[in-house]
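Single-letter residue listing:
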Amino acid sequence: MNDRLEGLPPAMVAPAHAKPRTVAPAAGARRRWLTIGLLVALVVLTATALRVWVAEPFAIPSESMAPTLRGGDSVLVDKLAYRIADPHVGDLAVFHAPGSGEITLKRIVAVAGDTVGIEDGVLYVNGKRRVESYADPEAIDSVFFGPVEVPAGAVFALGDNRGDSADSRRFGAISTADLIGRVRARVWPPNRWGLPR
């Protein structure tokens, strides 16, 4: 009897005693763990890149932005905001404070070229009284400040809780180069989630 299969060259016919080839269990497990490890590394790298360059959560450590933000709240900061657009009055901005470099969150109340002053606890920008619905009138102190002009390439930022805030009245205008990003949403606690005004 002819052992050769019809139509196949001799090199393609396996001997009758040959065992089928199988992947060793250890090699398969190694490959599976390598794939899982690569996926985990990719997720971690992507999350890190997003946090460094795109958005990052920040915890509010004090009551200096009350009632808008309270100590213990967490916000999501858009780190691309000031790379693609200019800062605006009313923005809740995170920045490196002049002098100390401490990461700080305050509200931008004036931009380059504006004149800022506080008279008996009331904010004036360019000689006009600013209506501040976000500030607690009972928390505004009765001090006087300025007027000062905001230099080019800078912003002036104040805490909403004027009586308990270290801000541009103390450390001066903030260079736009020191702006980290703009608050886009309050993410904690869940019952106060949303866009702070």
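This structure is a prediction, so every number in the text was calculated from the model and none was measured.

It is worth spelling out the sheet that holds strand β7 (residues 128–129) at this point. One key point about sheets: their strands pair by backbone hydrogen bonds, in either a parallel or an antiparallel sense. If you walk across this open sheet you meet the 4 strands as β7-β6-β5-β8, and the pairing is antiparallel. Edge strands, defined here as strands with exactly one partner in the open sheet, are β7 and β8 (145–149). Both strand β5 (residues 115–119) and strand β6 (residues 122–125) contribute to a ladder of 4 bridges, which runs antiparallel. When the sheet's bridge partners are listed, valine 116 is paired in β6 with valine 125.

Turning our eyes to something else, we now look at the pairing of strand β11 (residues 179–188). Each regular strand carries side chains that alternate between the two faces of the sheet. Bridge count between strand β2 (residues 74–78) and β11: 5 bridges; the pairing is antiparallel. In the sheet register, valine 75 faces β11, and the bridge partner there is arginine 186. Both strand β3 (residues 92–96) and β11 contribute to a ladder of 3 bridges, which runs antiparallel. Bridging from a neighbouring strand, phenylalanine 95 pairs with leucine 179 of β11.

Moving on, we come to the packing of aromatic side chains. Applying the stated criterion to the full structure yields 2 aromatic pairs. Both rings, one in phenylalanine 95 and one in phenylalanine 171, keep their centres 6.1 Å apart while their planes meet at 70°; by these two values the pair is edge-to-face. Here the residue phenylalanine 95 occupies a position in strand β3, and phenylalanine 171 occupies one in helix α3 (residues 168–171), the gap between them amounting to 76 residues. Centroid distance phenylalanine 145 to phenylalanine 156: 5.8 Å. Interplanar angle 45°. Geometry classified as tilted. Of this pair, phenylalanine 145 sits in strand β8 while phenylalanine 156 sits in strand β9 (residues 154–158), placing them 11 residues apart in sequence. With relative accessibility at 18%, the residue phenylalanine 145 sits in the buried group. When the ring centre of tyrosine 134 is taken as reference, the NZ or CZ atom of arginine 107 above it lies at 3.7 Å.

In the structure shown here, the tally under the stated rule is 7 salt bridges. A salt bridge links arginine 182 to aspartate 91, with the shortest nitrogen-to-oxygen separation between them at 3.4 Å. Residue arginine 182 is found in strand β11, and its partner aspartate 91 is found in the loop between α2 (81–84) and β3; the two are separated by 91 residues along the sequence. Given the relative accessible area of 27%, arginine 182 is considered partly exposed.

With respect to the element layout, arginine 70 can be found in the loop between β1 (55–59) and β2. In this view, arginine 70 contacts Ile60, Ser62, Glu63 and Arg192; residues no more than four positions away in its chain are not counted.

What follows deals with the nonpolar core. As a rule of thumb, soluble globular proteins bury nonpolar side chains together. Membership of the largest hydrophobic core comes to 13 residues, with the highest contact counts inside it found for Val109, Ala110, Val116, Leu123, Val150, Phe156 and Leu158. Elements represented by at least two residues in this core include exactly β4 (103–111), β5, β6 and β9. Here this core takes 3 residues from β9, the largest share from any one element. Beyond its immediate chain neighbours, meaning those up to four positions away, valine 150 contacts Ala110, Val111, Ala112, Gly113, Asp114, Val116, Val155, Phe156 and Ala173.

What counts as what
Residues numbered from 1 in each chain as written. Predicted model: local features only at pLDDT ≥ 70, side-chain atom pairs only at ≥ 80, totals over all residues. Heavy atoms only, no water. Pairing = 2+ DSSP bridges. Helix = DSSP H or I, 4+ residues; strand = E, 2+ residues; numbered from the N terminus. Phe/Tyr/Trp six-rings, centres within 6.5 Å; stacked < 30°, edge-to-face > 60°. Buried < 20%, exposed > 50% of the residue type's maximum accessible area, 1.4 Å probe, protein only. Lys NZ or Arg CZ within 6 Å of the ring centre and 35° of its normal. Salt bridge = Lys/Arg side-chain N within 4 Å of Asp/Glu carboxyl O. Contact = heavy atoms within 4.5 Å. Core = buried A, V, L, I, M, F, W, Y, C linked by side-chain atoms within 4.5 Å.

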